[in-house]
Amino acid sequence: MNIILLGPPGAGKGTQARRLVEGRDMIQLSTGDMLREAKSSGTEMGERVAKIMDRGELVTDEIVIGLIEEKLNDDRKGGLIFDGFPRTLAQADALAELLARHGEDLGAVIEMQVDDDALVKRIVARSVCANCGEVYNDITKPVPESGECTQCGATEFTRRGDDNEESLKQRLLEYYKKTSPLIGYYYAKNELDRIDGLADIDEVGEQIDRILDR
Ligand code: ADP
Ligand code: ADP
Ligand code: ZN
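For clarity, every value in this text was computed on a predicted model and none was experimentally measured.

(A) Here's a closer look at the site of ligand 2. Lining the immediate environment of ligand 2, one finds 19 residues, of which Gly-10, Lys-13, Thr-15, Arg-126 and Tyr-136 sit closest. Within the contact set of ligand 2, an oxygen atom lies 3.2 Å away from a backbone nitrogen or oxygen of Ala-11. Measuring from a nitrogen atom of ligand 2, one finds a backbone N or O atom of Ala-199 at 2.9 Å. Across the shell around ligand 2, the residue classes tally to 8 nonpolar, 7 polar and 4 charged.

This is how it looks when you write it as structure tokens:
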């Protein structure tokens, strides 16, 4: 089953996607991760989008649709998790078309509902394992006292350049202007499920499991 995790920055999309990769052999397609990879490997496209990402603005539809299109040719295993994509109506239309071309569809679009105050708190406390990408939080999911990643044992953790209050404001603005209309779009297509993203990490996971198992 292919699903979309929809929600503002900090809603917990990446955290839950990793859980589904582990538990259900699904494949996480995070356009944010793909763009950061392009940025750090110094490709021409990466250099072009670096400043846009640091400002908290959206990169062009053409670029992210191209990234997703490439991945659809790979093995889809237990299903695809679209994490941070689509973020505009044009991306949503493009995704429907791409899936149809591959004879696939969407099993669920899961809106992770959170409130804006919680997002700021979560984002400024986020860190990520430099080796495997496991997501941590200084308050709600701290790195173990041993200093080792629970998933891979690495000891280096990084913080994203755009995880500061100023860039987050811009990212939220982009979310409300360009991405939140997707909630109505998928509701009208009868594809939307809503869950409480403010519950703790395991409880959010259980809500998602119930949707996938129905
Ligand atoms: P978050 O974890 O805060 O939701 P992401 O890691 O998904 O953020 O994305 C980080 C940045 O990458 C975004 O602020 C944006 O600049 C860019 N980006 C990621 N996905 C998309 C997309 N689907 N469309 C446009 N820009 C995107
Ligand atoms: P997104 O991919 O939507 O931007 P992340 O999964 O990276 O969000 O989560 C943002 C931050 O919030 C991380 O530090 C993560 O550890 C933390 N977090 C995620 N889900 C929860 C939750 N249900 N309760 C508390 N903190 C959470
Ligand atoms: Zn790790």
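(B) Representation of the coordination of the zinc ion (ligand 3) in the model. Protein coordination of the zinc ion (ligand 3) is provided by Cys-129 (SG), Cys-132 (SG), Cys-149 (SG) and Cys-152 (SG), with donor distances spanning 2.3 to 2.4 Å. Bound by 4 donor atoms, the zinc ion (ligand 3) shows angles of 102 to 112° at the metal and therefore tetrahedral coordination geometry. Coordination of the zinc ion (ligand 3) draws on donor residues from a single chain, spaced C-x2-C-x16-C-x2-C in sequence. By relative accessible area, Cys-152 is classed as partly exposed at 32%.

(C) Just the pairing of strand 4 (residues 108-113), in detail. Counting buried residues along strand 4, 5 of its 6 residues qualify, which places the element largely inside the surrounding structure. For strand 1 (residues 3-6) and strand 4, the ladder comprises 4 bridges, and the chain directions are parallel. Each residue of the ladder has a partner; that of Ile-3, found in strand 4, is Ala-108. Of the pairings in the sheet, the one linking strand 4 to strand 8 (residues 192-196) comprises 5 bridges and is parallel in character. Across the sheet, residue Val-109 finds its bridge partner in strand 8, namely Leu-192.

Parameters at a glance
Residues numbered from 1 in each chain as written. Chains lettered and ligands numbered in written order. Predicted model: local features only at pLDDT ≥ 70, side-chain atom pairs only at ≥ 80, totals over all residues. Heavy atoms only, no water. Near = heavy atom within 4 Å. Polar contact = N/O pair within 3.5 Å; in protein donor to acceptor, adjacent residues only side chain to side chain. Nonpolar A, V, L, I, M, F, W, Y, C, P; charged D, E, K, R; others polar. Donors = N, O, S within 2.8 Å, 3.2 Å for Na, K, Ca; no water. Tetrahedral: all angles 85-135°; square planar, octahedral: opposite > 155°, others 65-115°. Buried < 20%, exposed > 50% of the residue type's maximum accessible area, 1.4 Å probe, protein only. Helix = DSSP H or I, 4+ residues; strand = E, 2+ residues; numbered from the N terminus. Pairing = 2+ DSSP bridges.

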